[in-house]
Amino acid sequence: MSNHIAIQFNHVSKRFRRGENFDSLRDLVPALVRRAFGRIEKKKDSREFWALDNISLEIREGETVGVIGHNGAGKSTMLKHFAGIMVPTKGFIDVNGRLSALIEVGAGFHQDLTGRENVFLNGVILGMSRAEVARKFDEIVEFAGLAEFIDTPVKRYSSGMYARLGFSVAAHLDPNILVID
């Protein structure tokens with residue numbers, strides 16, 4: 001076992017507010033205006049909750065760690081912080097090495113792009129260089145079993161085809177740290 005630290009959480013906390021989900025500028029602008037002109041109260045917002053609260057941990061090179069807890073305990077939130085998808089409200093995270101995350105397989109796919117285009121897009125999102133994706137492209141497609149559909153937009157794929165392609169891209173990563181949800 002190595003003494004080198006792969007991931008370090010230092011007093012990491014993440015706050016959310018229930019009902020605060022802005023998928024568009026149309027939703028965000030009125031919320032910001034309400035917040036700016038609303039009453040400023042000192043008391044805690046009843047919609048506020050802490051998904052992570054003052055978490056500190058070190059994971060060393062070579063260690064395998066599992067995060068176990070009930071639904072809503074913050075497991076996926078923690079993994080998204082490992083991967084840099086989320087930023088903590090408080091504290092800081094240090095990741096040493098190339099990290100790849102299998103959090104939502106195919107999450108980086110764009111529905112209007114072909115399988116081929118999405119392999120490159122998703123590969124880059126997951127941390128591969130374009131040249132690395134190009135070198136591994138044939139293996140990715142073969143592993144997914146989608147050669148005859150690779151130039152079809154993924155919106156035409158079945159859910160199984162979509163998942164196979166997303167998993168195949170992720171399976172061909174070569175990370176130092178692999179986060180799986």
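As shown above, the structure is provided for reference.
Here the structure is a predicted model, which is why all the values come from computation and not from measurement.

Basis of the calculations
Residues numbered from 1 in each chain as written. Predicted model: local features only at pLDDT ≥ 70, side-chain atom pairs only at ≥ 80, totals over all residues. Heavy atoms only, no water. Core = buried A, V, L, I, M, F, W, Y, C linked by side-chain atoms within 4.5 Å. Buried < 20%, exposed > 50% of the residue type's maximum accessible area, 1.4 Å probe, protein only. Helix = DSSP H or I, 4+ residues; strand = E, 2+ residues; numbered from the N terminus. Contact = heavy atoms within 4.5 Å. Salt bridge = Lys/Arg side-chain N within 4 Å of Asp/Glu carboxyl O. Phe/Tyr/Trp six-rings, centres within 6.5 Å; stacked < 30°, edge-to-face > 60°. Lys NZ or Arg CZ within 6 Å of the ring centre and 35° of its normal. Axes fitted to C-alpha atoms, helices over the stretch in contact; angles between N-to-C directions. Parallel < 35°, antiparallel > 145°, perpendicular 65-115°, else oblique. Left-handed = near helix turned anticlockwise from the far one by under 90°. Nonpolar A, V, L, I, M, F, W, Y, C, P; charged D, E, K, R; others polar. Polar contact = N/O pair within 3.5 Å; in protein donor to acceptor, adjacent residues only side chain to side chain. Pairing = 2+ DSSP bridges.

*Asks:* Explain the nonpolar core here, please?
*Replies:* The nonpolar side chains of a soluble globular protein tend to be buried, and buried together. Formed by 21 residues in total, the largest nonpolar core has its most connected members in Val119, Phe137, Leu146, Ile150, Tyr157, Leu165 and Val169. Mapped by element, the contributors of at least two residues to this core are helix H3 (115-125), helix H4 (130-144) and helix H5 (159-171). Setting aside anything within four residues of it in sequence, one finds Phe137 in contact with Arg116, Val119, Phe120 and Ile150.

*Asks:* I tried to follow the pattern of salt bridges on my own but got confused; where do I start?
*Replies:* Close approach of charged atoms allows side chains with opposite charge to pair. Overall, the coordinates contain six salt bridges when judged by the stated rule. The partner of Arg98 in a salt bridge is Glu132, and the shortest N-O contact between them spans 3.0 Å. Here Arg98, found in the loop between strand E3 (90-95) and strand E4 (99-102), pairs with Glu132, found in helix H4; they are 34 residues apart in sequence, far enough to count as distant. Judged by its relative accessible area of 25%, Arg98 is partly exposed. Accessibility expressed as a relative area gives 8% for Glu132, which makes it buried. Between Asp112 and Lys155 there is a salt bridge; the shortest N-O distance is 2.9 Å. With Asp112 in the loop between E4 and H3 and Lys155 in the loop between H4 and H5, this residue pair connects regions lying 43 residues apart in the sequence. Accessibility expressed as a relative area gives 48% for Asp112, which makes it partly exposed.

*Asks:* Please explain the packing of aromatic side chains as it appears in this structure.
*Replies:* Under the defined criterion, the tally for this structure stands at five aromatic pairs. For Lys14, the ring lying beneath its charged end belongs to Phe16, and the centroid distance is 5.5 Å. Across the ring face of Phe120, the terminal group of Arg130 is positioned such that the distance to the ring centre comes to 4.7 Å.

*Asks:* What exactly am I supposed to notice about the packing of H4 against H5 here?
*Replies:* A pair of packed helices can be characterised by two numbers: the angle between their axes and the separation between those axes. For the pair H4 and H5, the least separation of the axes is 8 Å and the interaxial angle reads 140°. On the basis of their axis angle, the class for H4 and H5 is oblique. As for the relative orientation of H4 and H5, their crossing is right-handed in sense. Contacts between H4 and H5 pair Glu139, Ile140, Phe143 and Ala144 from the former with Arg164, Leu165, Phe167, Ser168, Val169 and Ala171 from the latter. When grouped by side-chain class, the residues that make up the contact of H4 with H5 number seven nonpolar, one polar and two charged.

*Asks:* Hey, could you run me through the side chain of Asn10 in this one?
*Replies:* Along the chain, Asn10 turns up in strand E1 (residues 5-17). Only 3.4 Å separates the side chain of Asn10 from the side chain of Gln8, close enough to count as a polar contact. Other than its neighbours up to four places away in sequence, Asn10 contacts Ile55, Ser56, Gly91 and Phe92.

*Asks:* Sorry if this is basic, but what is going on with the sheet that holds E3 here?
*Replies:* Hydrogen bonds between backbone atoms are what pair the strands of a sheet, whose relative direction is either parallel or antiparallel. Read across the open sheet, the three strands follow the order E2-E1-E3; overall the sheet is antiparallel. Edge positions in the sheet fall to strand E2 (48-60) and E3, since each of these pairs with one other strand and no more. Each neighbouring strand pair of the sheet contributes to a mean axis angle of 15°, computed without reference to strand direction. Sheet topology places E1 next to E3; five bridges connect them, and they run antiparallel. Note that in E3 the partner of Ile7 across the bridge is Val95. Relative to the sheet, helix H2 (residues 75-82) contacts E1, E2 and E3, its axis offset from that of E1 by approximately 125°.

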